[in-house]
Amino acid sequence: MLETPHVVVGAAIATKVVNPFLAIPLAFGSHFLLDRIPHWNPHLNTEMKKHGKPTKKSSTIVIVDVCSSLVLGLFIASKALPNSAHAATIVFSSFAAILPDAIEGPYFFLGIKNAFIEKWITFQKSIQADADFIPGIITQILTIAAAFWWIFA
Ligand SMILES: [Zn+2]
């Protein structure tokens, strides 16, 4: 999935599960569950193989996605203030939710290759449920909406 739904779900978990020792691992685990929902992602792997780097369009999508995930993650965390410990748990959980993808960042965007990253990418690819663009975006919008509903309802 894109990073925004991952972060919103991770932040939602930490909003409800206040204990950081539960929230952070749960948020991390949610990453793999969400990737089982059919979704669309920019085709970074294919582009790496074809051109040696992601296309401009994909890089732009990634930047917009990361910025929106930062804004939403920090927004949800700010709702826990003045309880700064809870807000911090939400921030760390948001990060834990995207950690599986963040590990891949240096490969796609800095050209760093090593056996661990390549094995990790193969593993993550093997659990992705891919969908076409329109349905694959709709599922992610619905995921974000469901997480917001869970947080604020
Ligand atoms: Zn993933």
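You'll find the structure just up there.
Parameters and conventions
Residues numbered from 1 in each chain as written. Predicted model: local features only at pLDDT ≥ 70, side-chain atom pairs only at ≥ 80, totals over all residues. Heavy atoms only, no water. Helix = DSSP H or I, 4+ residues; strand = E, 2+ residues; numbered from the N terminus. Rg over C-alpha atoms; globule rule 2.2 N^0.38 Å. Contact = heavy atoms within 4.5 Å. Areas by Shrake-Rupley, 256 points an atom, 1.4 Å probe, with all protein chains shown as cover. Lys, Arg positive; Asp, Glu negative; His and termini not counted. Charge placed at Lys NZ, Arg CZ, Asp CG, Glu CD. Donors = N, O, S within 2.8 Å, 3.2 Å for Na, K, Ca; no water. Buried < 20%, exposed > 50% of the residue type's maximum accessible area, 1.4 Å probe, protein only. Expected span 1.5 Å × (residues − 1). Axes fitted to C-alpha atoms, helices over the stretch in contact; angles between N-to-C directions. Left-handed = near helix turned anticlockwise from the far one by under 90°. Nonpolar A, V, L, I, M, F, W, Y, C, P; charged D, E, K, R; others polar. Phe/Tyr/Trp six-rings, centres within 6.5 Å; stacked < 30°, edge-to-face > 60°.

Focus: the overall build of the protein chain
Part 1 of the reasoning: Looking only at helices and strands, one finds 8 helices and 0 strands in the protein chain.
Part 2 of the reasoning: The helix and strand sequence of the protein chain, counted from the amino end, reads α-α-α-α-α-α-α-α.
Part 3 of the reasoning: Against the compact-globule benchmark of 15 Å for 153 residues, the protein chain has a radius of gyration of 15 Å, which places it among compact chains.
Part 4 of the reasoning: If one aligns the C-alpha atoms of the protein chain with their principal axes, the spans along those axes are about 50 × 35 × 25 Å.
Part 5 of the reasoning: Taking as baseline every contact in the protein chain between residues at least 6 positions apart, the subset at least 24 positions apart corresponds to 75%.
Part 6 of the reasoning: Summed over all atoms, the accessible surface of the protein chain reaches about 8500 Å², with 74% contributed by carbon and sulfur.
Part 7 of the reasoning: Here the protein chain holds 11 positive side-chain charges and 9 negative ones, and the gap between their average locations is 3 Å.

Regarding the coordination of the zinc ion
Part 1 of the reasoning: Within the protein, the atoms that donate to the zinc ion are His31 (NE2), Asp35 (OD) and Asp101 (OD), at distances of 2.1 to 2.6 Å.
Part 2 of the reasoning: Between consecutive donors of the zinc ion, the numbers of intervening residues give the motif H-x3-D-x65-D. This pair shows no difference in class: histidine 31 is buried, exactly as aspartate 35 is.

Section: helix 1 (residues 3-16)
Part 1 of the reasoning: The terminal C-alpha atoms of helix 1 lie 20 Å apart, and with 14 residues this matches the ideal 20 Å at 1.5 Å per residue to within 8%.
Part 2 of the reasoning: Within helix 1, 12 of the 14 residues are buried, which leaves it mostly tucked inside the rest of the structure.
Part 3 of the reasoning: Buried residues belonging to helix 1 abut helix 2 (20-34), helix 4 (56-78), helix 5 (84-102) and helix 8 (133-152).

A word on the side chain of glutamine 128
Part 1 of the reasoning: The topology assignment puts glutamine 128 in the loop between helix 7 (115-127) and helix 8.
Part 2 of the reasoning: Dropping the residues within four chain positions of it, glutamine 128 is found in contact with Met1, Asp35, Arg36, His39 and Asn41.

Topic: the environment of isoleucine 144
Part 1 of the reasoning: By the secondary structure assignment, isoleucine 144 is in helix 8.
Part 2 of the reasoning: The spatial distance from the C-alpha of isoleucine 144 to the C-alpha of alanine 12 is 9.8 Å, given a sequence separation of 132 residues.
Part 3 of the reasoning: Among all residues touching isoleucine 144, those that are not within four sequence positions of it are Thr4, Pro5 and Val8.

Points about the packing of helix 1 against helix 2
Part 1 of the reasoning: The N-to-C vectors of helix 1 and helix 2 enclose an angle of 145 degrees; their axes lie 9 Å apart at closest approach. The two elements helix 1 and helix 2 cross, and the hand of that crossing is right-handed. Of the residues in helix 2, those in contact with Pro5, His6, Val9, Gly10, Ile13 and Ala14 of helix 1 are Ala23, Leu26, Ala27, Ser30, His31 and Leu34.
Part 2 of the reasoning: In terms of residue class, the contact of helix 1 with helix 2 is built from 8 nonpolar, 4 polar and no charged.

Here's the deal with the packing of aromatic side chains
The geometry of an aromatic ring pair comes down to the distance between the two centres and the angle between the two planes.
Part 1 of the reasoning: A complete count under the given rule lists 9 aromatic pairs for this structure.
Part 2 of the reasoning: Judged by centre distance (4.9 Å) and plane angle (80 degrees), the rings of tyrosine 107 and phenylalanine 108 are edge-to-face.
Part 3 of the reasoning: A residue is classified by how much of its surface remains accessible, and tyrosine 107, at 11% relative accessible area, is buried.
Part 4 of the reasoning: For phenylalanine 108, a relative accessible area of 6% puts it in the buried group.
Part 5 of the reasoning: Three or more aromatic residues joined by ring pairs make a cluster, and in this case those are Phe28, Phe32, Phe116, Trp120 and Phe123.

A few points about unusual backbone geometry
Part 1 of the reasoning: Put simply, leucine 81 and proline 82 share a cis peptide bond, and its omega is 10 degrees.
Part 2 of the reasoning: Structurally, the position occupied by proline 82 is in the loop between helix 4 and helix 5.

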